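A look at the structure
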Amino acid sequence: MERFWWHSKSSYGSGIHWKSWDKLCLHKHKGGLGFRNLRNVNLSMLGKHGWRLLTNSSSLVVRVFQARYYPQGTFLDAELGSNPSYAWRSVFEAQEIVKLGARWRVGSGISILVLNQPWLSSKDNPYVVSSHEALCDCSVFNLLQIDNMSWDEELLEDLFVQRDVELIRSIPLPSTLNMDTWYWAYEAYGGCSIKSAYPALQVRNERWNLQDNSGFWKKFCICSLCNGELETIYHIMVWCPFTKACMDRGLGFSFSDGKDEFSCWFECFCNTHLGDSVDKIAVILWDVWGARNDFLWNKKIASVERVVSAAITYLELWKFAQIKMELSRHLLVSSRPVTSSGLNPAAVKSSGDLKPFMAEAMSLKEALSWVKNTWGDGASFEGFVPMRW
């Protein structure tokens, strides 16, 4: 990979390496290019196997490893041991990664020791720092009240420092006794993933930056139509004063249901309004987005009247095109060549759901267009006298 990055067609060999690969793998905010550190990626993959050894105790492979390397504890307490296999040596390398994100979820507290177990809700240090002698060999279950699933406040104040007391109080408890389970602190769904394990490992090695700079760039994303608030899909399609003015002019009202997602708002509008209003709001919002793009890229300022007029015109043309397509499918019109005796039109009747007066009007229009094209050169036909309107 280094050779690919530094090598060029004009250079010989592998090119000049101006920066070490270790520096290139730093986060961009730390002066690197954010390339993946292959060793840490491999450790993250092995960490997922270590997570399975920790959580899937019923697996045959887990039972074999447990009987051989950690019969009295869990994967987090295991040691390399003497004469380890290649597979165990590889997975053991990822033990520290599993320790970074593994946390106990308190169900009953029976399986969780108070000391030396990661059960507090803290990403920095999930272990209890209190050192009272009564906490030795004490389980989390002993910290609960006997009659209900709640913390014994007096016991917490007597045995723990204030930092531990606040963290313990923040742990949610089930309404009934459940089994204690493991969860991964860096994923919302609770399972270990390579995507979350790799950044956690890089942060521990001080090679990653968790600072969120999205707010800095959002300051420049002000709505181009009202120049007042942050431009989001919901704002520009629903909440922007320009959009509301377009709704008032095109629909006679503006609609707001308090939702923050545009998809939910539009679904609610479709469920509470007739089809004609849905058609109008769709083309109005489409033209509002076009007005926004015209101003942003071409510096063209559009008025509310122009946006609504263009949207309604487009909707009428679209509906007329749909009627014409429907007519062409259900009404087949043909004609035979003109003979010396005059015109011999022929029509084929076909069933359809088109209204009769609309079908007659479209048929008359097609007939007049045919007559115009046929008599465009001033020719006449014997025995045929056009009707005067």
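Rules used throughout
Residues numbered from 1 in each chain as written. Predicted model: local features only at pLDDT ≥ 70, side-chain atom pairs only at ≥ 80, totals over all residues. Heavy atoms only, no water. Helix = DSSP H or I, 4+ residues; strand = E, 2+ residues; numbered from the N terminus. Buried < 20%, exposed > 50% of the residue type's maximum accessible area, 1.4 Å probe, protein only. Contact = heavy atoms within 4.5 Å. Areas by Shrake-Rupley, 256 points an atom, 1.4 Å probe, with all protein chains shown as cover. Polar contact = N/O pair within 3.5 Å; in protein donor to acceptor, adjacent residues only side chain to side chain. Patch = residues over 30% accessible without salt bridge, like charges linked within 9 Å, V, L, I, M, F, W, Y side chains within 5 Å. Salt bridge = Lys/Arg side-chain N within 4 Å of Asp/Glu carboxyl O. Pairing = 2+ DSSP bridges. Phe/Tyr/Trp six-rings, centres within 6.5 Å; stacked < 30°, edge-to-face > 60°. Lys NZ or Arg CZ within 6 Å of the ring centre and 35° of its normal. Core = buried A, V, L, I, M, F, W, Y, C linked by side-chain atoms within 4.5 Å. pLDDT = per-residue confidence, 0-100. Axes fitted to C-alpha atoms, helices over the stretch in contact; angles between N-to-C directions. Parallel < 35°, antiparallel > 145°, perpendicular 65-115°, else oblique. Left-handed = near helix turned anticlockwise from the far one by under 90°.

1. Description of the overall build of the protein chain
The number of helices and strands found in the protein chain is 16 helices and four strands. Burial analysis of the protein chain (389 residues in total) assigns 32% to the buried set. Partitioning the contacts of the protein chain with sequence separation of at least 6, the portion at a separation of at least 24 is 53%. When the accessible surface of the protein chain is split by element, carbon and sulfur atoms take 57% of a total near 25500 Å².

2. What about the side chain of Ser193?
Of note, Ser193 is situated in the loop between strand 2 (181–184) and helix 9 (194–204). Residue classification places Ser193 among the buried residues on the basis of a relative accessible area of 11%. Looking at Ser193, its side chain comes within polar contact range of the side chain of Glu187, at 2.5 Å.

3. With respect to a nonpolar patch on the surface
Taken together, the side chains of Ile110, Phe141 and Leu177 present a nonpolar region at the surface, about 290 Å² in accessible area. Its location among the elements puts Ile110 in the loop between strand 1 (102–105) and helix 7 (153–159).

4. Quick look at the pattern of salt bridges
Per the stated rule, a full pass over the model turns up nine salt bridges. Note that Asp276 is salt-bridged to Lys319, the shortest N-O span being 3.3 Å. Note that Asp276 is positioned in helix 14 (residues 275–298) and Lys319 in helix 15 (residues 304–330), a separation of 43 residues in sequence. Exposure remark for Asp276: the relative accessible area of 38% places this residue in the partly exposed category.

5. Details of the pairing of strand 2
Side chains Trp182 and Trp184 of strand 2 all project onto a buried face; the interleaved residues Thr181 and Tyr183 project onto a face where none is buried. Direction of pairing for strand 1 relative to strand 2: antiparallel, over a ladder of four bridges. Paired with Trp104 across the bridge in strand 2 is Trp182.

6. Examining the packing of aromatic side chains
Two descriptors summarise a pair of aromatic rings, namely the distance from one centre to the other and the angle between the planes of the rings. All told, the structure shown has 16 aromatic pairs when counted by the stated rule. With a centroid separation of 6.3 Å and an interplanar angle of 40 degrees, the aromatic rings of Trp119 and Trp151 are classed as tilted. Of this pair, Trp119 sits in the loop between strand 1 and helix 7 while Trp151 sits in the loop between strand 1 and helix 7, placing them 32 residues apart in sequence. Taken individually, Trp119 and Trp151 each receive the classification buried, so the pair is uniform in this respect. Centre to centre, the rings of Phe253 and Phe269 are 6.5 Å apart; their planes meet at 20 degrees, and the pair counts as stacked. Of this pair, Phe253 sits in the loop between helix 12 (241–251) and helix 13 (262–272) while Phe269 sits in helix 13; the two residues are 16 residues apart in sequence, bridging distant segments of the chain. Chaining the aromatic ring pairs together yields one cluster made of Phe65, Tyr69, Tyr70, Phe75, Trp88 and Phe92. In this structure, Lys244 packs its charged tip against the face of Trp239, placed 3.7 Å from the ring centre.

7. Things to note about the nonpolar core
Counting 45 residues, the largest nonpolar core has Tyr70, Phe75, Trp88, Val114, Trp119, Trp151 and Phe160 as its most contacted members. A per-element tally of this core places helix 3 (residues 38–55) first, with five residues. Ignoring any residue separated from it by four or fewer positions in sequence, one finds Tyr70 in contact with Leu53, Val62, Phe65, Phe75, Ala78 and Trp88. One finds Met237, Met247, Val288 and Ala311 within the second-largest nonpolar core, a separate group that totals 26 residues.

8. Quick look at the confidence of the model for the protein chain
For the protein chain, the mean per-residue pLDDT works out to 82, and 83% of the residues sit at or above 70. Across the protein chain, the secondary-structure element scoring lowest on mean pLDDT is strand 3 (residues 332–335), at 45, and the one scoring highest is helix 5 (residues 86–92), at 94. Contacts from residues 332–342, a stretch scored under 50 in pLDDT, to residues over four places away or in other chains number ten contacts. Note that residues 381–389 has pLDDT below 50 and, in this model, ten contacts with residues that lie over four places away or in other chains.

9. Concerning the packing of helix 3 against helix 9
Packing of helix 3 against helix 9 leaves a shortest axis separation of 9 Å and a crossing angle of 125 degrees. Our classification of the angle between helix 3 and helix 9 gives oblique. Pair helix 3 / helix 9 crosses with right-handed handedness. For the pair helix 3 and helix 9, contact is made by Asn40, Val41, Leu43, Ser44, Met45 and Lys48 and by Ile194, Ala197, Tyr198, Leu201 and Gln202, respectively.

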